[in-house]
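# A structural walkthrough
Here are the chains, one letter per residue:
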Amino acid sequence: MKARMEAEGIPPRYDGTWRDADPEVVKAKIDAGDPYTVRFKVPAGARVVIDDAVRGTVSWDAEATVGDFILLRSSGVPVYNFCVAVDDASMGITTVIRAEEHLTNTLRQGLILDALGAPRPRYAHCSLILGEDKQKLSKRHGATSCNQFRLDGFLPDAMINYLALLGWNDGTDNEIFTREELIDAFDIDRIVKSPSVFDMDKLKWVNSQHLKRMEVEEILDLVEEQLGFMGMIKEGADEAKKSDFIFATTALAKQMLETTQDAATNAKTVLGYSLPAAFADLEDGSEAKEMVKQGNFYGIAMKIIEMYESGSFPTPNSSNLLAAFMDGSNKAIVEDNQVGGDETSYPQAYKATMKSVAKEMKVKGKNLFHPVRLALTGEMSGQDVTKQMSLLALASEDDTAVNAEAADVVTIEARMEKLKGFCDSIPEEFRASKQAASDDAANRSKDGKKQTKAEEEAAAAAAAAPAVADPLDGYEGPPITALDIRVGRINKVWVHEEADKLFCEEIDVGEDEPRQIASGLRPYMNAEDLEGRMVLVLCNLKARKLAGFPSHGMVLCASNEDHSVVKLVSVPVEAKIGERVTVPGFDFEGEEGAPFAENKVGKKKVFEKIAPFLQTSEYGVPTFGGRPLLTSAGVCTSPINKGSVS
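The present account deals with the structure reproduced in this document.

Reading the values: rules and limits
- Residues numbered from 1 in each chain as written.
- Predicted model: local features only at pLDDT ≥ 70, side-chain atom pairs only at ≥ 80, totals over all residues.
- Heavy atoms only, no water.
- Helix = DSSP H or I, 4+ residues; strand = E, 2+ residues; numbered from the N terminus.
- Buried < 20%, exposed > 50% of the residue type's maximum accessible area, 1.4 Å probe, protein only.
- Contact = heavy atoms within 4.5 Å.
- Salt bridge = Lys/Arg side-chain N within 4 Å of Asp/Glu carboxyl O.
- Phe/Tyr/Trp six-rings, centres within 6.5 Å; stacked < 30°, edge-to-face > 60°.

Another point: the environment of Val635. Within the secondary structure layout, Val635 lies in strand 22 (residues 634-635). When its relative accessible area of 38% is taken as the criterion, Val635 is described as partly exposed. On a C-alpha basis, the gap between Val635 and Lys362 in space is 33 Å, while along the polypeptide they are 273 residues apart. Residues within four places of Val635 in sequence aside, it is in contact with Pro572, Val621, Pro628, Leu629 and Leu630.

All right, on to the pattern of salt bridges then. Inspection of every chain in the model, using the stated rule, returns 27 salt bridges. Ionic pairing is found between Glu100 and Arg55, a salt bridge with its closest N-O pair at 3.5 Å. Note that Glu100 is positioned in the loop between strand 5 (95-99) and helix 5 (105-116) and Arg55 in the loop between strand 2 (47-52) and strand 3 (56-61), a separation of 45 residues in sequence. Among the residues examined, Glu100 registers a relative accessible area of 30% and is labelled partly exposed. Assessed through its relative accessible area of 18%, Arg55 is described here as buried. Put simply, Arg486 and Asp484 hold a salt bridge, and the shortest N to O gap is 2.9 Å. Of the residues examined, Asp484 reaches a relative accessible area of 10% and is grouped as buried. Members of the salt-bridge network, linked through shared partners, are Asp484, Arg486, Glu511, Arg515 and Arg580.

Turning to the packing of aromatic side chains, a few remarks are in order. Within the structure shown, the criterion is met by 13 aromatic pairs. Ring centres of Phe149 and Phe198 lie 6.3 Å apart, and the angle between their planes is 50°; on these two criteria the pair is classed as tilted. Taken together, the residues span a long stretch of sequence, with Phe149 in helix 6 (residues 146-151) and Phe198 in the loop between strand 8 (196-197) and helix 9 (200-213) at a distance of 49 residues. Residue Phe149 is classed as buried on the basis of its relative accessible area of 11%. Geometrically, the ring pair formed by Tyr162 and Phe198 is edge-to-face, given 5.3 Å between the ring centres and 90° between the ring planes.

Honestly, that's just the spatial picture; any functional story needs more than this.
Okay, structure coming up:
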């Protein structure tokens, strides 16, 4: 019967053979022990209608759709829909929120509830959650248990927050909620109909925002748990030393945490030393190899070795290894550009030593800090060097709480030995600073004659004059070339239906199709003021949904200090749509000048690290480290002086 109905393209249902049978015949069959089922007798012409909170009005022709359906199987076991309906009625359930897969079950349950004389609950059938491949979420997409997310370093409140956002928003662009805020804000009528995608990157971002709101002390136990998972803490370790190491590990990584697991993996990176044994082992074209080729590294590294062996290079004070992580009130420092300690502490001694080395070696800025960082840490980027060296000292001290083997600890002594071997392998041509050689040549006259006394005096005066501070001195973040900032034109603007602060924009950035971007400009501007405007768009941000709207990129704006005034960055009218914005002094050509991939920009928090150096000058010019943002038609401008760009 079922096969025939399916072949005829009609929903399989009972053919009614026993629907109106003689009760005496039925009783005789039962008494004879014949197997039977109990079915629900659907009234002729019955129609079930519900007002679904998500899908609106949904109705079914009950007789044509399901016919007389089973309540009790031949084994005497009641079917799911019968049990659910009876359970809802007996418990007084008022609202049922479930997946759209259960929508068709509502027909049977509604008929049963009506027959029982029980009120139907309100139904809300939510769309399925999809994997990033847009297929139904399943085990093959990754973690399958709540415990796995705990092991991976996710917070319970962040999980609840993120899961609530899958198919719901509160009507604003706010995406971070505490449990209490979710309870207060949740409204079933704001569940959206379209399916949501489980985006692991978005989950990590939500988790990172919850971690940022927590104090260091609040996550110490969670970080300790992660260090334990990795075997980095010795069993039976001294409690005081263990506490100090966990505190330092947490404070060091706090600002960049996406999960608590990141604190442990970051500590392992810091305690290791990835400088290769020889120059030739550096990857061709890598930032490290190109930096060594500039010639500053060799001299600075040899100076560090010399000072270390003579005992004059500062190292963390064993009596106060947490100095770099604590401010004057003994509160944890989490900002990477802030370092603790008083004038006699290790961080201040290190700073003074760097000034001395800079003066002696005649280098400054990245030409000093990059070689020093590579020499001491084996990395080209990372957190403050004094904090890293302090964590290493905690892992290297006598009776340390750290399992050196599991943590891959490379002591400062071992680093200096490896650094010696690396320096010995550097070719002679890369052992002298190219900048120094260039400066030396510039001091000679073009015809090769010696400088006159007046020229020598002028040069001496220039050398003695105080140098103008470069805003990028000490900057160790990603290059501005990592960002793909392009000129765009806003073609169309409309109001986001479900978010009070968002505009939805269609922007031409020189690609085959215009991009759709959501921006929080609605409180500051009118839609008609935006249409047709030329703007700057950060294009290499990974596409993500903002209040359900797929947004791919970010419109750059200037704002005052408290962000009460926000204005678009103005682009020269003759600039070309799609052209990349440049900054003087940086090479935007070739492989080195290519923008980072979208995943790298998000994962490495590239924009967040560059953003503090994106500011407007006293004349309203958007700059990076004091250098203007340029198009082929000239400098970009803004009406906001001494503000920020984001």
